[in-house]
Structures are given as C-alpha cells and as structure tokens.
Amino acid sequence: MAETTLHIAGRHYDIRCRDGEEAHLAQLAAMIDGKARAAQQGMPGMTEVRNLLFAALFLADEVTDLRREVAGRQERLALETQDDDAAQAVEALTARIEKLRERLAAPHADA
C-alpha cells in the first residue's frame, strides 16, 4: 500500500492508496483543487467544508452533463442500428416481391 499527499484548496491530505495509483489520485486532486479555487473566487470567505461542498457540486454537475451526452449518443446509435435493421428488412421484402413478380410474369405451365 502506497502513501501520497494530495493538495486541495491550500491544504494537504495524506492518504493511502494502492501501489501505482498515486499519479491518478494527484490528477483527481488537481481537478478538485481547480473547482475549489473557482468556488472560493466566486464566493470568498466560505468555510473549508462549504468550499469543498461547492467543488463537489461543480464536479457532480459536469458528470451529470457528460452522462446526458453519453445517453444521447447511445440513443442515436440505437436508432442508427434500428435504421440498419429496417433497411435490411426492406431489402429482404424487395427481393421477395421481385421473386413473386418473376413467378407471376412467367408463362404458366398449365396454359
């Protein structure tokens, strides 16, 4: 188990993590730090807890926006897949209709 120090909103937090995760945690802490600083600039004089609360809300808002975007993309992909399925069904029906037309147009053996 590794130990690392995260720097967020002017404070240092010593934490333990799995070996090799230190750099990733530092990146996450930098994101939180950026949001905490933005909250602090927008509303100076907030307590540390309130500042981190707003940082968390900013990040949660971004995650929500990204989730909506992903859901929209998945929906568009599903519609495209449905369009592909419908096109294949139309092509199959067209081939069947063409075969029926040829059979009807052929001279009858009974005549």
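Here the structure is shown first, and the text comes after it.
Rules and cut-offs
Residues numbered from 1 in each chain as written. Predicted model: local features only at pLDDT ≥ 70, side-chain atom pairs only at ≥ 80, totals over all residues. Heavy atoms only, no water. Helix = DSSP H or I, 4+ residues; strand = E, 2+ residues; numbered from the N terminus. Expected span 1.5 Å × (residues − 1). Buried < 20%, exposed > 50% of the residue type's maximum accessible area, 1.4 Å probe, protein only. Contact = heavy atoms within 4.5 Å. Pairing = 2+ DSSP bridges. Salt bridge = Lys/Arg side-chain N within 4 Å of Asp/Glu carboxyl O. Axes fitted to C-alpha atoms, helices over the stretch in contact; angles between N-to-C directions. Left-handed = near helix turned anticlockwise from the far one by under 90°. Nonpolar A, V, L, I, M, F, W, Y, C, P; charged D, E, K, R; others polar. Patch = residues over 30% accessible without salt bridge, like charges linked within 9 Å, V, L, I, M, F, W, Y side chains within 5 Å. Areas by Shrake-Rupley, 256 points an atom, 1.4 Å probe, with all protein chains shown as cover. Lys, Arg positive; Asp, Glu negative; His and termini not counted. Charge placed at Lys NZ, Arg CZ, Asp CG, Glu CD.

> Quick one: what's the story with helix 2 (residues 48-105), residue by residue and with numbers?
Side chains of residues three or four places apart in an α-helix project in the same direction, reflecting 3.6 residues per turn. The terminal C-alpha atoms of helix 2 lie 85 Å apart, and with 58 residues this matches the ideal 86 Å at 1.5 Å per residue to within 8%. Turning to helix 2, its buried residues are N51, F54, A55, L59 and G72. Contacts from the buried residues of helix 2 go to helix 1 (22-42).

> Go over helix 1 with me, naming the residues and quoting the values.
For helix 1, which comprises 21 residues, the first-to-last C-alpha distance of 30 Å matches the rise-based estimate of 30 Å (1.5 Å per residue) to within 8%. Buried residues along helix 1 sit in contact with strand 1 (2-8), strand 2 (11-17) and helix 2.

> Explain the pairing of strand 2 to me, and be specific about the residues and the numbers.
Pairing of strand 1 with strand 2 involves seven bridges; the strand directions are antiparallel. Across the sheet, I8 pairs through a bridge with R11, a residue of strand 2. Counting the residues in the hairpin turn of strand 1 and strand 2 gives two residues, including A9, whose phi is positive at 55°.

> Summarise the side chain of T4; cite the residues concerned and give the values.
Considering the arrangement of structural elements, one finds T4 in strand 1. Excluding anything up to four places from it in sequence, T4 contacts Y13, D14, I15, C17, E22 and L25.

> Provide a residue-level description of the pattern of salt bridges, including the pertinent values.
Across all of its chains, the model carries eight salt bridges by this definition. Close ionic contact of R11 with E48 constitutes a salt bridge, the shortest N to O distance being 3.1 Å. Of this pair, R11 sits in strand 2 while E48 sits in helix 2, and the two are 37 residues apart along the sequence. Judged by its relative accessible area of 41%, R11 is partly exposed. Owing to a relative accessible area of 33%, E48 belongs among the partly exposed residues under this scheme. A salt bridge links R101 to E98, with the nearest nitrogen and oxygen atoms 2.4 Å apart. Placement of the pair is R101 and E98 together in helix 2, with a separation of three residues, close to one helical turn. According to the relative accessible area criterion, R101 is partly exposed, its value standing at 48%.

> Quick one: what's the story with the environment of T4, residue by residue and with numbers?
T4 sits in the buried class, given a relative accessible area of 15%. The spacing of T4 and R18 is 14 residues in sequence and 10 Å in space, taken between C-alpha atoms.

> Requested: an account of the packing of helix 1 against helix 2, with residues and values cited.
It is the contact of helix 1 with helix 2, at a shortest axis distance of 8 Å, that shows an interaxial angle of 115°. Seen along the crossing, helix 1 lies across helix 2 with a hand that is right-handed. On the side of helix 1, the interface is formed by M31, I32, K35, A36, A38, A39 and Q40, while helix 2 contributes N51, L52, F54, A55, F58, L59 and E62. Grouping the constituent residues of the contact of helix 1 with helix 2 by class yields ten nonpolar, two polar and two charged.

> Just give me the short version of a negative patch on the surface, but keep the residues and values in it.
A surface patch of negative charge is lined by E80, D83, D84 and D85. Looking at the secondary structure, you find E80 in helix 2. We classify E80 as partly exposed; its relative accessible area is 46%.

The values are spatial; any link to function lies outside them.
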